[in-house]
Amino acid sequence: MRMYDLIKKKRDGKSLTAQEIKWFIENYVNGTIPDYQVSALLMAIYFNGMDLEETTALTFAVRDSGDTLDFSDVKGIRVDKHSTGGVGDKTSLIVAPIVATLGVKVAKMSGRGLGHTGGTVDKLESIPGFNTGLGVDEFLEIVNRVGIAIVGQSAELAPADKLLYALRDVTATVESLPLIVSSIMGKKLAADDDCIVLDVKTGSGSFMKTVEDSKRLARLMVDIGKQAGKKMLALITDMDRPLGFNIGNILEVKEAVETLRGKGPSDLTEICIALAAHMLSLAEKGTYEECEDKVKKVIADGSALKTFADMVEAQGGDSRVIYDTSLFKEAKFSRVVKAEKSGYIVKVDTEGYGTAALLLGAGRNTKEDKIDFTAGIILSKKTGDFVKAGEAIATLYTNSGEKLDAGERKLIESTVIGDEKPAYKPIILDKVQ
Ligand code: URA
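Residues numbered from 1 in each chain as written. Predicted model: local features only at pLDDT ≥ 70, side-chain atom pairs only at ≥ 80, totals over all residues. Heavy atoms only, no water.

Caption draft 1: Structural context of the site of the ligand. If you check the shell around the ligand, you find Thr 84, Tyr 165, Arg 168, Ile 180, Ser 183, Ile 184, Lys 187 and Phe 207 and nothing else. Between the ligand and Arg 168, the relevant distance is 3.0 Å, taken from an oxygen atom to a side-chain nitrogen or oxygen of the residue. Side-chain polar atom of Lys 187 to an oxygen atom of the ligand: 2.5 Å apart, as the coordinates give it. Against a free-state accessible area of 240 Å², the protein chains account for coverage of 93% of the ligand. Contributing elements (two or more residues each) for the shell around the ligand: α8 (159-170) and α9 (177-190). For the shell around the ligand, the element with the highest residue contribution is α9, accounting for four residues. Here the shell around the ligand is composed, by residue class, of four nonpolar, two polar and two charged. (Near = heavy atom within 4 Å. Polar contact = N/O pair within 3.5 Å; in protein donor to acceptor, adjacent residues only side chain to side chain. Areas by Shrake-Rupley, 256 points an atom, 1.4 Å probe, with all protein chains shown as cover. Helix = DSSP H or I, 4+ residues; strand = E, 2+ residues; numbered from the N terminus. Nonpolar A, V, L, I, M, F, W, Y, C, P; charged D, E, K, R; others polar.)

Caption draft 2: Representation of the sheet that holds strand β1 (residues 79-83) in the model. With mixed pairing, the four strands of this open sheet are ordered in space as β1-β4-β5-β13. The two strands at the open ends of the sheet, each matched to only one other strand, are β1 and β13 (428-432). Sheet twist, expressed as the mean angle between neighbouring strand axes with direction ignored, is 15°. Taken strand by strand, helix α12 (residues 266-282) contacts β1, β4 (195-202), β5 (231-238) and β13, and its axis lies near 150° from that of β4. (Pairing = 2+ DSSP bridges. Axes fitted to C-alpha atoms, helices over the stretch in contact; angles between N-to-C directions. Contact = heavy atoms within 4.5 Å.)

Caption draft 3: Layout of the pattern of salt bridges. Following the criterion strictly, the structure yields 35 salt bridges and no others. Note that Asp 122 is salt-bridged to Arg 112, the shortest N-O span being 3.0 Å. Of this pair, Asp 122 sits in helix α6 (residues 120-125) while Arg 112 sits in the loop between β2 (106-110) and α6, placing them 10 residues apart in sequence. On the accessibility criterion, Arg 112 (41% relative accessible area) is partly exposed. In this structure, Asp 238 engages Arg 241 in a salt bridge whose closest nitrogen and oxygen atoms are separated by 2.7 Å. The same class applies to Asp 238 as to Arg 241, namely buried. Linked by salt bridges that have partners in common, Arg 112, Asp 122, Glu 125 and Arg 364 make up one network. (Salt bridge = Lys/Arg side-chain N within 4 Å of Asp/Glu carboxyl O. Buried < 20%, exposed > 50% of the residue type's maximum accessible area, 1.4 Å probe, protein only.)

Caption draft 4: View of the domain arrangement of the protein. Domain boundaries assigned for the protein yield domain 1 (3-49), domain 2 (79-323) and domain 3 (329-418). A separation of 41 Å is found between the C-alpha centroids of domain 1 and domain 3. (Domains from an automatic or database assignment.)

Caption draft 5: Region of interest: the environment of Ile 378. Relative to the elements of secondary structure, Ile 378 occurs in strand β9 (residues 376-379). Separated by 250 residues in sequence, Ile 378 and Pro 128 place their C-alpha atoms 21 Å apart. Aside from chain neighbours lying at most four places away, what touches Ile 378 is Phe 245, Asn 246, Leu 251, Ala 394, Thr 395 and Tyr 397.

Caption draft 6: Layout of the sheet that holds strand β12 (residues 415-418). Taken in spatial order, the three strands line up as β10-β8-β12 in an open sheet, and their pairing is antiparallel. In this open sheet, the two strands that pair with only one neighbour each are β10 (386-387) and β12. As defined by bridge partners, strand β8 (residues 343-348) adjoins β12 across four bridges and the pair is classed as antiparallel. Bridge pairing in β12 links Val 348 to Thr 415.

Caption draft 7: Inspection of helix α3 (residues 35-48) at higher detail. With 14 residues, α3 ought to run about 20 Å at 1.5 Å a step, and its terminal C-alpha atoms sit 20 Å apart, in line with that. Of the residues making up α3, those classed as buried are Val 38, Ser 39, Leu 41, Leu 42, Ala 44 and Ile 45. Immediately beyond the C-terminal end of α3, within one or two residues, lies Gly 49, with a positive phi of roughly 70°. (Expected span 1.5 Å × (residues − 1).)

Caption draft 8: Looking closely at helix α17 (residues 404-413). Every buried residue of α17 is listed here: Leu 404, Gly 407, Glu 408 and Leu 411. Down the axis of α17, the buried set is contained in an arc of 100°. They therefore lie on one face. For α17, the exposed residues lying more than 90 degrees away from the buried face are Arg 409 and Glu 413. Summarising the contacts, the buried residues of α17 are in contact with β7 (333-338), α16 (350-362), β9, β11 (392-398) and β12. (Arc of directions from axis to C-beta.)

Caption draft 9: Region of interest: the packing of helix α2 (residues 18-29) against α8. At a closest axis distance of 10 Å, the pairing of α2 and α8 adopts a crossing angle of 85°. In terms of orientation, α2 and α8 fall into the roughly perpendicular class. Residues Phe 24, Ile 25, Tyr 28 and Val 29 of α2 touch α8, and the partners they reach there are Pro 159, Ala 160, Leu 163, Leu 164 and Leu 167. Taken together, the residues of the contact of α2 with α8 break down into nine nonpolar, no polar and no charged. (Parallel < 35°, antiparallel > 145°, perpendicular 65-115°, else oblique.)

Caption draft 10: Seen up close, the pairing of β11. Counting buried positions along β11 yields five of seven residues, so the element is predominantly enclosed. Two strands pair when backbone bridges link them, and β7 and β11 are joined in this way by six bridges, in the antiparallel orientation. Bridge assignment links Ser 334 to a residue of β11, and that residue is Tyr 397. Bridging between β9 and β11 involves four bridges; their strand directions are antiparallel. Opposite Leu 379, over in β11, you have Ala 394 as the bridge partner.

Caption draft 11: Expanded view of the nonpolar core. Counting residues in hydrophobic clusters, the biggest one holds 91 residues, and the most contacted among them are Phe 71, Ile 98, Ile 127, Phe 139, Phe 308, Ile 322 and Ile 377. When residues are assigned to domains, this core turns out to be shared by domain 2 (79-323) and domain 3 (329-418), each giving three or more. Apart from residues no more than four positions distant in its own chain, Ile 127 is found in contact with Val 253, Phe 308, Val 312, Asp 318, Val 321, Ile 322 and Phe 328. Among the nonpolar cores identified, the runner-up in size contains 24 residues, and Met 185, Leu 198, Ala 234 and Val 432 belong to it. (Core = buried A, V, L, I, M, F, W, Y, C linked by side-chain atoms within 4.5 Å.)

Spelled out as structure tokens, the structure:
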């Protein structure tokens with residue numbers, strides 16, 4: 001087989017066979033095929049797409065490109081949850097402990113921030129001492145004992161995704177349906193879970209900008225997961241606004257704790273209850289409505305918060321900060337961003353908000369960048385709110401005062417203030433099963 005022929009075939013709009021896809025992935029991972037040829041193939045896939053057979057074959061080839069995990073030592077049903085990436089999306093920190101409190105095991109592998117979107121691993125590492133790099137034995141011991149552990153992706157798991165993602169990032173080929181499906185599901189299927197609930201984001205803060213594209217993405221991921229023997233469900237949720245009020249690592253952990261205390265923002269609380277109830281219901285813990293009641297109970301009685309603190313403790317973190325979030329480090333500098341005119345917040349560019357947080361130090365510009373865990377944004381106003389000229393729309397936080405100007409500029413240019421109150425938009429837009 002020659003890579004040249006595969007590129008030409010895809011360039012001309014033809015379908016690749018499963019053998020050809022498997023061959024290309026194996027030989028890319030072992031270093032035989034150079035980046036420039038893979039870049040050309042990725043661009044051909046970006047323009048010409050892939051049919052279901054090709055997308056499935058690519059997903060399975062990514063899954064099989066490295067180790068697959070064996071969770072058979074974990075007692076009980078295992079459920080995973082994955083978001084396609086958003087801004088202010090701290091749902092995993094809330095949903096995973098809720099589900100674990102109710103007797104379903106969560107052995108979760110999460111990612112770091114990607115572009116303007118945040119990552120669960122970075123958020124957890126903002127908790128002093130928290131170790132996201134556990135060995136497999138320790139990871140599984142904690143899952144069995146506490147019900148939950150969350151770690152970063154190991155280098156051995158789906159290495160093809162690591163290579164392909166880095167290349168897509170620099171060749172403008174991220175926003176391709178088959179490439180996103182194979183990246184997410186390739187990783188998810190390499191872990192040994194029984195059920196997977198997907199939170200497919202849609203809108204200005206996500207990689208899929210329209211509901212139609214997000215639904216197609218969800219449909220493909222659900223179907224491929226089922227084909228691999230998993231129980232699957234996807235929610236399509238709105239990312240035309242950040243989730244909750246806090247963006248940035250420590251700030252998001254604080255808001256997650258508030259939500260686990262039952263005092264979180266309504267949009268975040270609604271999504272978390274729905275995701276957790278669907279996870280439990282897939283794991284046969286009752287009907288969706290019964291599971292929703294159970295979720296509300298473990299939030300109200302504090303047991304889900306305790307599970308979160310127990311996981312923090314088990315993974316080497318300082319659980320005192322969970323019970324008293326004022327113990328977290330605070331940013332040295334802050335600035336209140338004021339509205340330039342009166343009116344309704346008609347819409348926001350959520351990606352711009354994510355970028356503003358990144359500019360303040362909450363994310364990385366290069367792989368080597370160190371994150372400022374204290375950096376981020378607390379919003380005072382969200383889409384649909386009325387704001388008077390001079391009133392605060394947000395407060396920016398950072399340890400590097402020189403970053404405030406760029407963060408402020410980005411936030412202001414990402415906020416549209418107008419005369420008409422925008423129509424109400426639900427946060428959960430659809431479900432794919
Ligand atoms: N998250 C992933 O892991 N991969 C993608 O391609 C997009 C979001």
